[in-house]
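# An overview of the molecular structure
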Amino acid sequence: MANMLYFMGFLALSCSLALASDPSPLQDFCVAAPNGQVFVNGQFCKDPKQVTENDFFFSGLNKPGNTANPLGSKVTPVNVAQIPGLNTLGISAARIDFAPYGLNPPHIHPRGTEILTVLEGTLFVGFVTSNTENRLVTRVLQKGDVFVFPQGLIHFQHNAGYGNAVAIAALSSQNPGLIIVANSVFGSKPPIADDVLAKAFQVDKSVVDHLQSQFWMDN
């Protein structure tokens with residue numbers, strides 16, 4: 001009986017881990033058909049007979065992103081929205097360009113772990129562990145260095161050098177999602193009540209009102 005309970009516990013744990021990431025494909029590919037009329041967890045499959053090489057192709061990751069914005073950074077995503085052939089394959093990528101002192105602000109990928117490789121420049125990067133420890137883990141990265149940001153944890157990248165910086169990120173989901181912390185908290189539509197945020201952050205409501213009046217941009 002004890003062995004059976006152990007086996008059932010192990011099976012439950014294995015299933016929960018298996019379901020924690022994108023589902024595995026059950027055929028060679030399932031190219032996304034974005035015009036489906038029913039919402040599903042992912043995308044409908046395009047008729048395989050209509051699939052072409054363009055469904056697996058993206059051009060332009062060699063081109064610098066426009067960093068002329070308040071954050072001084074630009075993310076060029078390459079996920080299932082850009083390459084329909086990524087549907088069900090559980091992987092995506094992004095190019096991140098940084099102006100001097102540019103910032104990819106604290107954010108979360110709720111559905112994917114990120115592995116970042118620095119191509120040019122120097123980046124100060126980090127993530128924060130979950131409650132209750134809330135430990136900040138940081139590292140200064142140089143050209144050729146690689147760093148991992150675990151799924152679901154708040155993380156950031158900051159250009160710590162005097163010149164431009166470029167990085168390539170790979171993520172363990174076709175659609176890892178993005179939650180920019182400041183945008184979500186202070187730029188939600190409709191806004192979160194200022195008395196709620198004032199109590200949460202232990203500040204005066206005027207501070208919250210000021211922050212909510214700012215223009216919160218995505219990069």
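Rules used throughout
Residues numbered from 1 in each chain as written. Predicted model: local features only at pLDDT ≥ 70, side-chain atom pairs only at ≥ 80, totals over all residues. Heavy atoms only, no water. UniProt positions renumbered as here; feature names shortened; annotations may be inferred. Helix = DSSP H or I, 4+ residues; strand = E, 2+ residues; numbered from the N terminus. Buried < 20%, exposed > 50% of the residue type's maximum accessible area, 1.4 Å probe, protein only. Polar contact = N/O pair within 3.5 Å; in protein donor to acceptor, adjacent residues only side chain to side chain. Pairing = 2+ DSSP bridges.

## Examining the UniProt feature "binding site: oxalate" (unreviewed entry) in the protein
- The UniProt feature table records "binding site: oxalate" (unreviewed entry) at Asn104, His109 and Glu114.
- Turning to its location among the elements, His109 is positioned in the loop between strand S5 (103–108) and strand S6 (114–120).
- When its relative accessible area of 10% is taken as the criterion, His109 is described as buried.
- Among the polar contacts made by the side chain of His109, one reaches the side chain of Glu114 at a distance of 3.1 Å.

## As for the sheet that holds strand S12 (residues 179–180)
- Pairing is antiparallel across the open sheet formed by five strands, whose spatial order is S8-S7-S10-S5-S12. Every interior strand has two partners, whereas the edge strands, strand S8 (136–141) and S12, have only one.

## Some details on unusual backbone geometry
- Put simply, Asn131 and Thr132 share a cis peptide bond, and its omega is 10°.
- Along the polypeptide, Thr132 turns up in the loop between strand S7 (123–128) and S8.
- Each neighbour pair has its own omega, and for Lys189 with Pro190 the value is -5°, a cis peptide bond.
- Topologically, Pro190 is positioned in the loop between helix H2 (181–186) and helix H3 (194–201).
- Although it is not a glycine, Asn134 sits at a positive phi angle of roughly 50°.
- Its location among the elements puts Asn134 in the loop between S7 and S8.
- Judged by relative accessible area, which is 42%, Asn134 ranks as partly exposed.
- Positive phi is not limited to glycine here, since Gln202 has a value of about 55°.
- By secondary structure assignment, the location of Gln202 is in the loop between H3 and helix H4 (205–212).
- When its relative accessible area of 65% is taken as the criterion, Gln202 is described as exposed.

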